[in-house]
Amino acid sequence: MAMANARTVRLLSSGLNDRDDEDEILTPKEEIVSSTEEEEDSDDELKQKEEEKEFKHRSLLNAIGALDGRSRKRPRSEPSQEVSVYNLNTSPGTSLEEEVYAVLHGSKFAERSNHELSVAEEEALKAMSVEEARERRKELQKMRALQSYYEAKCRRQKKIKSKKYHRIQRKAHDRSEKKQLEELERVDPTAYAQLLFISMYFSSQERLTLKHKNTGKWAKGATRFGKHNPQSVQAINEQLQKNKDLTTKISATIESDDEEEEEKGNGGDWMKTDKGVSIKPSLSDINNPWFAGEPKIAKKKENDTKTDGKVYHKLQPITLKQDASDASSDSEDEQDVDSMKPVRKVRFFDEQNSSDDEVEIRDAKSKNLQPWQPLVKRTDTENGLKVDNEDELDRNSDDEEIEQENKNTPTKVSSSKKISEPVADEKEEVHVDPTKFFEIESRKIQSEKPDFAILEDDADEDEQRITIQQAFADDDVVSAFSKEKLDKVDKDKPKNIDLSLPGWGDWGGSGIVPNKRKKKKSAAVNQLPFPFTNAQQFERSIRQPVGQTWNPESTFKKLTKPKVSTKMGSIIAPITSEEAFEDKSKTKKGHQEITESGQMNFTKKQTKNQRKKSKGRHQNKKNHQDGNK
Amino acid sequence: MKVKVLSRNPDDCIRETKNDIHKVPRNYNPSLHPFEAAREYTRALNATKLERVFAKPFLGSLDGHKDGVHCMSKHPTSLSTLLSGSCDGEIRLWNLASRRCTRSITAHTGFVRGLCCKPEGNHFFSVGDDSTIKQWDMETSESDEPINTIIGKSIYISIDHHWKDAVFATCGQQVDIWDASRTDPIRSFTWGTDSIHSVKFNPIETHLLGSCAADRNIVLYDMRGAAPLRKVILDMKSNTIAWNPIEAYIFTAANEDYNLYTFDMRRLDMPVKIHMDHVSAVLDVDYAPTGLEFVSGSFDKSVRIFPTDKGRSREVYHTKRMQHVSCVKWSMDNKYVLSGSDETNIRVWKARASEKLGVMRPREQAAMDYDAKLKDKFHHFPQLKRISRHRHVPKAIYSEAKTLRIQRDSKRRKESNRRKHSKPGAVPIIPERKKHVVAEVQ
């Protein structure tokens, strides 16, 4: 088919040869004929689309060429005539026939009996002159060239092996993203909230799964065998880092506008944080019990989110692509040209799916839009997140209008506040069930009273009861109060303290009876040992633990320091009278130091001579030991 | 859905470098670590058991003498050098590290009775049955001739050198103080007529010396004075004494009556402590340089180690082949014990049987210290006491000890019976310590 197209192209007027020349410039080694094949080869979707459009275009041109009369000989009208004859005779029976019929008659490409040209051909003639077509093609070629340049650039960058470069790139990317996010937070808190919610969703997903946790087959192998391979180590680290990044909590506060707060300042305390309104209620949480009371709101919100439809995770307007698609869409949706004008296109890249979701959003000015949708409205500027002042003003006024209009219909932003209202109301209202009351022992007065009086009272009481019942419908304050009181009483009561120790006696299990015949080894002394004067003293000394389990390191060291320490290979000379009578506090050079705690250290003193010799001797001693072994 | 997870900052528990300390978070809340006494008791018990498991005190023997080793001397400055004299008049110098004999000298005819070194460590003296005092160079010389020889009138049985000055003392018929440069003694002491078989200088009060005589007395002298200071007469004769190197006035005498007596020289009428455990005559005693323990060698073919303040030995060393131990020494670094015995061997023992020799890592050292502390803390408990005291001894010693015990019990019983059946006060209670001292003479 491509060949045929090429041929037709050749047949076309000389002006079209310019294109071939340009193709030659782009791909000098390719034949002119295979210019379309080249297009087929390219794997890019967009290119394919373009190709298709090109083909359409060309078919139109063919149609134009047909008008020249050189290709008039084509036996095209004959089968159609036949069909029409056939059609006259028989009406379409099967669905296939119907389809064929529809194609033949309904399509604008279908030939008409009384006209020389089909509708499409006529339109094409009207729509485009050769000049225009040429222009258009040039444009497209330019676009394609640009795109290929860009792709080449990307490929080149991707090929760069320098980690530093990529790190820098990544960081820059992160930075810009962060900036965008901040901007978004400032400009459009709701959208930001939604983004946050989505990222929270992903982080929760991450927390639930074992992904990126070094539990996979590869990770296990890498940790085991690739320990010394820096690359695999780095890969593992990266994985872990990813996990960490995903699982770290994101600050869940958004700064809300003061104006809004003032406007709807009746929000409950429970949803407020220091900085602003917590995002929780603004997200439509079906499980949230606060929404359960007002199913309408919830439903509406759900619908709304559905109309929003897609997950707006990351805002990344790519101008080039957009342009390209715009360009292509022009020819594609010709019939929509008029209606497209108010629509702005924004491209959102869902990070996870990496599939491009194109979303078309009508201008916010249209009144059917709910005011919590400015998510898109505000972000839909050509260059990322810029917001025009005009737009902002418009939005504000719009919001107000909508507020006034939809005062009764709960909006998403205000819903979070409104939800809390019943809480406050509930607290103010007191529901009393008159059937439940405290029974206080009534003292019977020993007097005679006429019965009728009592009867009257009864009637009165009944009436009163009913009114009370009506007044405090469906809540029993009394039982609540009694329950509260009971709770308080319970709280004040002395409680059984659980003295069981964790882990102790767990091994044996319950219900173990000790063997009576087994001899019990008593760990007790028969007599009170010498330095102690009473049993308590001794017991206390035993109870005081020495080990590291109970004492800090320094204390442990102090407690376990041996009373006498000697060093192998150092000669301990007898004490001298000077040392013996020296002031102990001044003793420093003494060969033996008796510390405060009565500990003796024989390791310190050595005269210079001794030290010199003892080094060698120490060595000898060591040898000695070795020899003994 | 809310997923609760434990989170921990790895910075708190992971060390940054290999040499970084381990940060171990500890909670010392006593409720989390219960039964501390019981647990430590068990640890102490285990430590005691392990101590017995690892008790391998014998390190090696120095083999070379052709006759029984009669005397030994430590080199004052070299830990690895040991001198020994045997009954055939041979003196040998040993390198303890390599366990080789570095030099052997045929010094005397008959016994080498005594050996001592100059405090500088360059010379040593020997006395023998040929009634000569010979001075030798520590370094090997070709001729193996003494530097100096003093021929005395009578036999010298022991010799000891002053701890600081160039003065030495010999004993035989009397105690002589010699100047190394002279051929005649600078001073002589006599008290009584009998022969004196041991003399020892006090290492702290260096001009003091003590001697043991065959007439059962221990005599103290001041080198500066003309006459002996005082003496104590015991039940039986003392073979030798050893001065405590830390406490100037304390000495221990190795007695023929199987006991050792620790005396305070200021008060000789009653020993400070009687150390019983040997089952035969104690022939030699030597103090540890820390002054806390001493080692004794006995005719009962065993070496025992006593704490200075304890009546019973904490350790007994014996081997199948070891005969009567004639001399013992405690190394100057407090780690080894040396014993010379009749069957020509000198044996090297560890001073603490289960001690690990060699370099220890701090953790190991800390564990050892902790074990030692625990053992000390719970040493009153019968279970621990039983395990730590338990020793296998040769049958001869075991049965002899049994006999002795029976004898002692019998004596005690008889005394108590006598006391029971006589007028109160007629049989006075004499403390054990006083029983063995006959008299103190000033």
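Residues numbered from 1 in each chain as written. Chains lettered and ligands numbered in written order. Predicted model: local features only at pLDDT ≥ 70, side-chain atom pairs only at ≥ 80, totals over all residues. Heavy atoms only, no water.

Draft legend 1. Structural detail: the overall build of chain B. Check the secondary structure of chain B and you find six helices and 29 strands. Buried positions account for 50% of the 442 residues belonging to chain B. Taking as baseline every contact in chain B between residues at least 6 positions apart, the subset at least 24 positions apart corresponds to 50%. (Helix = DSSP H or I, 4+ residues; strand = E, 2+ residues; numbered from the N terminus. Buried < 20%, exposed > 50% of the residue type's maximum accessible area, 1.4 Å probe, protein only. Contact = heavy atoms within 4.5 Å.)

Draft legend 2. View of the packing of aromatic side chains. Tallied over the full model, the rule gives 19 aromatic pairs over all chains. When the centroid spacing of 5.5 Å and the interplanar angle of 25° are considered together, the rings of B:Phe294 and B:Phe306 count as stacked. Pair noted here: B:Phe294 is in strand S23 (residues 293-298) and B:Phe306 is in strand S24 (residues 303-307), with a separation of twelve residues, a long-range link. A relative accessible area of 0% places B:Phe306 in the buried class. An aromatic cluster of three or more residues is present, and its members are A:Phe532, A:Phe538, B:Tyr41, B:Phe378 and B:Phe381. The ring of B:Phe111 is capped by B:Arg113, whose NZ or CZ atom sits 4.4 Å from the centre of that ring. Above the ring of B:Tyr249, the side-chain terminus of B:Arg266 is found at 3.5 Å from the ring centroid. (Phe/Tyr/Trp six-rings, centres within 6.5 Å; stacked < 30°, edge-to-face > 60°. Lys NZ or Arg CZ within 6 Å of the ring centre and 35° of its normal.)

Draft legend 3. Representation of the sheet that holds strand S17 (residues 228-234) of chain B in the model. Residue and element names in this part refer to chain B. Spatially, the five strands line up as an open sheet ordered S14-S15-S16-S17-S29, and their pairing is antiparallel. Each end of this open sheet is capped by a strand with a single partner; those strands are strand S14 (196-201) and strand S29 (437-441). Adjacent strand axes in the sheet meet at a mean angle of 15°, parallel and antiparallel pairs treated alike. Pairing of S17 with S29 involves four bridges; the strand directions are antiparallel. By the bridge assignment for S29, Lys231 is matched with Val441. (Pairing = 2+ DSSP bridges. Axes fitted to C-alpha atoms, helices over the stretch in contact; angles between N-to-C directions.)

Draft legend 4. Focus on the packing of helix H10 (residues 189-208) of chain A against helix H12 (residues 230-247) of chain A. All names here are of chain A. Following both chains from N to C, one finds H10 and H12 inclined at 125°, their axes separated by 8 Å at the closest point. Between H10 and H12, the crossing angle belongs to the class labelled oblique. For the pair H10 and H12, the crossing hand works out as left-handed. Listed contacts from H12 to Ser203, Glu206 and Arg207 of H10 are Asn243, Leu246 and Thr247. A per-class count over the contact of H10 with H12 returns one nonpolar, three polar and two charged. (Parallel < 35°, antiparallel > 145°, perpendicular 65-115°, else oblique. Left-handed = near helix turned anticlockwise from the far one by under 90°. Nonpolar A, V, L, I, M, F, W, Y, C, P; charged D, E, K, R; others polar.)

Draft legend 5. Broad picture of the pattern of salt bridges. Residues and elements named next belong to chain B. Under the defined criterion, the tally for this structure stands at 32 salt bridges over all chains. Across the pair Glu364 and Lys356 runs a salt bridge, and its minimum N-O distance is 3.0 Å. Looking at Lys356, the relative accessible area reads 38%, which means it is partly exposed. Among the ionic pairs, Arg419 bridges to Glu415, the shortest N-O distance being 2.6 Å. Here Glu415 and Arg419 lie together in helix H5 (residues 395-420), a separation of four residues that amounts to about one turn. By sharing partners, the salt bridges in this structure join Glu293, Arg314, Glu315, Lys335, Arg352, Glu355 and Arg391 into a single network. (Salt bridge = Lys/Arg side-chain N within 4 Å of Asp/Glu carboxyl O.)

Draft legend 6. Highlighting the packing of helix H2 (residues 36-53) of chain B against helix H3 (residues 362-377) of chain B. Residue and element names in this part refer to chain B. Contact pair H2 / H3: the axes reach a minimum separation of 8 Å and the direction vectors enclose 105°. In terms of their interaxial angle, H2 and H3 are classed as roughly perpendicular. Each of Glu40, Arg43, Ala44, Ala47, Thr48 and Glu51 in H2 lies in contact with H3, whose residues at this interface are Tyr370, Asp371, Leu374, Lys375 and Lys377. Taken together, the residues of the contact of H2 with H3 sort by class into four nonpolar, one polar and six charged.

Draft legend 7. Quick look at the side chain of B:Glu90. All names here are of chain B. Tracing the sequence through the fold places Glu90 in strand S4 (residues 90-95). With relative accessibility at 5%, the residue Glu90 sits in the buried group. One polar contact links Glu90 to Arg92, side chain to side chain, over a distance of 3.2 Å. Not counting the four nearest positions on each side in its chain, Glu90 is found in contact with His65, Lys66, Ser84, Gly85, Ser104, Ile105, Thr106, Ala107 and Val112. (Polar contact = N/O pair within 3.5 Å; in protein donor to acceptor, adjacent residues only side chain to side chain.)

Draft legend 8. Structural context of the interface of chain A and chain B. Contacts between the two partners involve 54 residues from chain A, matched on the other side by 52 residues from chain B. Of the roughly 4,700 Å² buried where chain A meets chain B, counting both sides, 66% is carbon and sulfur surface. Our enumeration of links across chain A and chain B arrives at twelve residue pairs in polar contact (both at pLDDT 80 or more). Mapped onto the side of chain A that touches chain B, the elements with two or more residues apiece are helix H23 (535-543), helix H24 (553-560) and helix H26 (608-628) of chain A. For the side of chain A that touches chain B, the element with the highest residue contribution is H26(A), accounting for ten residues. Here the residues of the side of chain A that touches chain B sort into 25 nonpolar, 21 polar and eight charged. (Buried area = accessible area lost by both parts, 1.4 Å probe.)

Draft legend 9. Fine view of the nonpolar core. Residues and elements named next belong to chain B. In terms of nonpolar packing, the biggest core is built from 17 residues, with Ile218, Val232, Leu234, Ile241, Phe251 and Phe263 touching the most fellow members. Secondary structure elements with two or more residues in this core: strand S15 (208-213), strand S16 (217-222), S17, strand S18 (238-243), strand S19 (250-255), strand S20 (259-264) and strand S21 (273-276). Excluding residues within four positions of it along the chain, Ile218 makes contact with Ser211, Cys212, Arg230, Lys231, Val232, Leu234, Ser238, Ile241, Phe251, Ala253 and Phe263. (Core = buried A, V, L, I, M, F, W, Y, C linked by side-chain atoms within 4.5 Å.)

Draft legend 10. Representation of the confidence of the model for chain B. Of all residues in chain B, 100% attain a pLDDT of 70 or more, and the chain-wide mean is 92. The complex model carries a pTM of 0.53, and its ipTM stands at 0.89. (pLDDT = per-residue confidence, 0-100.)

Draft legend 11. Broad picture of unusual backbone geometry. All names here are of chain B. With a phi angle near 55°, Phe35 is a residue other than glycine that sits in the positive phi range. Look at Phe35 and you get partly exposed, because its relative accessible area is 45%. The phi dihedral of Asn334 is positive, around 70°, even though this residue is not glycine. Its location among the elements puts Asn334 in the loop between strand S26 (325-330) and strand S27 (336-341).

Draft legend 12. View of the side chain of B:Asn255. Residues and elements named next belong to chain B. Residue position: Asn255 is located in strand S19. Classification of Asn255 by relative accessible area gives buried; the value is 0%. Engagement of the side chain of Asn255 in a polar contact is seen with the side chain of Ser238, the distance being 3.0 Å.

Draft legend 13. Geometry of the pairing of S24(B). All names here are of chain B. Counted residue by residue, S24 has five buried out of five residues, so it is predominantly covered. Residues Val303, Ile305 and Pro307 point to one face of S24 and Arg304 and Phe306 to the other, with burial holding for every one of them. The turn linking S23 back onto S24 is made up of four residues, and Lys301 within it adopts a positive phi angle of 65°. In this structure, S24 lies alongside strand S25 (residues 315-317), joined through three bridges in antiparallel fashion. Bridge pairing links Arg304 to Val316 in S25.

Draft legend 14. The arrangement of a nonpolar patch on the surface in detail. Among the surface-exposed residues, A:Leu96, A:Val100, A:Val103 and A:Leu104 lie close enough to one another that they form a single nonpolar patch of about 350 Å² accessible area. Tracing the backbone shows A:Val100 in helix H6 (residues 95-106). (Patch = residues over 30% accessible without salt bridge, like charges linked within 9 Å, V, L, I, M, F, W, Y side chains within 5 Å. Areas by Shrake-Rupley, 256 points an atom, 1.4 Å probe, with all protein chains shown as cover.)

Draft legend 15. Representation of a positive patch on the surface. On the surface, A:Lys164, A:Arg167, A:Arg170, A:Lys171 and A:Arg175 cluster together to form a positively charged patch. Relative to the assigned elements, A:Arg170 resides in helix H9 (residues 163-187). (Lys, Arg positive; Asp, Glu negative; His and termini not counted. Charge placed at Lys NZ, Arg CZ, Asp CG, Glu CD.)

Draft legend 16. Spotlight on the pairing of S18(B). Residues and elements named next belong to chain B. Across the six residues that make up S18, a large majority, six, are buried. Bridge count between S18 and S19: five bridges; the pairing is antiparallel. If you follow Ser238 over to S19, its bridge partner there is Asn255. Count of turn residues in the S18/S19 antiparallel hairpin: six residues.

Draft legend 17. Examining the sheet that holds strand S10 (residues 158-161) of chain B more closely. All names here are of chain B. Strand order in the open sheet made by the four strands is S10-S11-S12-S13, with antiparallel pairing throughout. The open sheet terminates on both sides in strands that have one partner only, identified here as S10 and strand S13 (185-189). Pairs of neighbouring strands in the sheet enclose a mean axial angle of 20°, with direction left out of account. Alignment of S10 against strand S11 (residues 167-171), held across four bridges, turns out to be antiparallel. Across the sheet, residue His161 finds its bridge partner in S11, namely Phe168.

Draft legend 18. Up close: the state of the cysteines. Residues and elements named next belong to chain B. Applying the stated criterion to the full structure yields zero disulfides over all chains. Cys171 forms no disulfide, and the closest cysteine sulfur to it belongs to Cys212, at a distance of 8.6 Å. Accessibility expressed as a relative area gives 0% for Cys171, which makes it buried. (Disulfide = S-S within 2.5 Å.)

Draft legend 19. Structural context of the environment of B:Trp243. Residue and element names in this part refer to chain B. Mapped onto the secondary structure, Trp243 falls in strand S18. Overall, the relative accessible area of 7% leaves Trp243 in the buried class. The spatial distance from the C-alpha of Trp243 to the C-alpha of Ala253 is 8.9 Å, given a sequence separation of ten residues. Those residues in contact with Trp243, other than ones at most four positions away along the chain, are Lys200, Phe201, Asn202, Pro203, Leu209, Gly210, Leu220, Ala248, Ile250, Phe251, Met265 and Tyr287. A distance of 3.1 Å separates the side chain of Trp243 from the backbone oxygen of Lys200, its partner in a polar contact.

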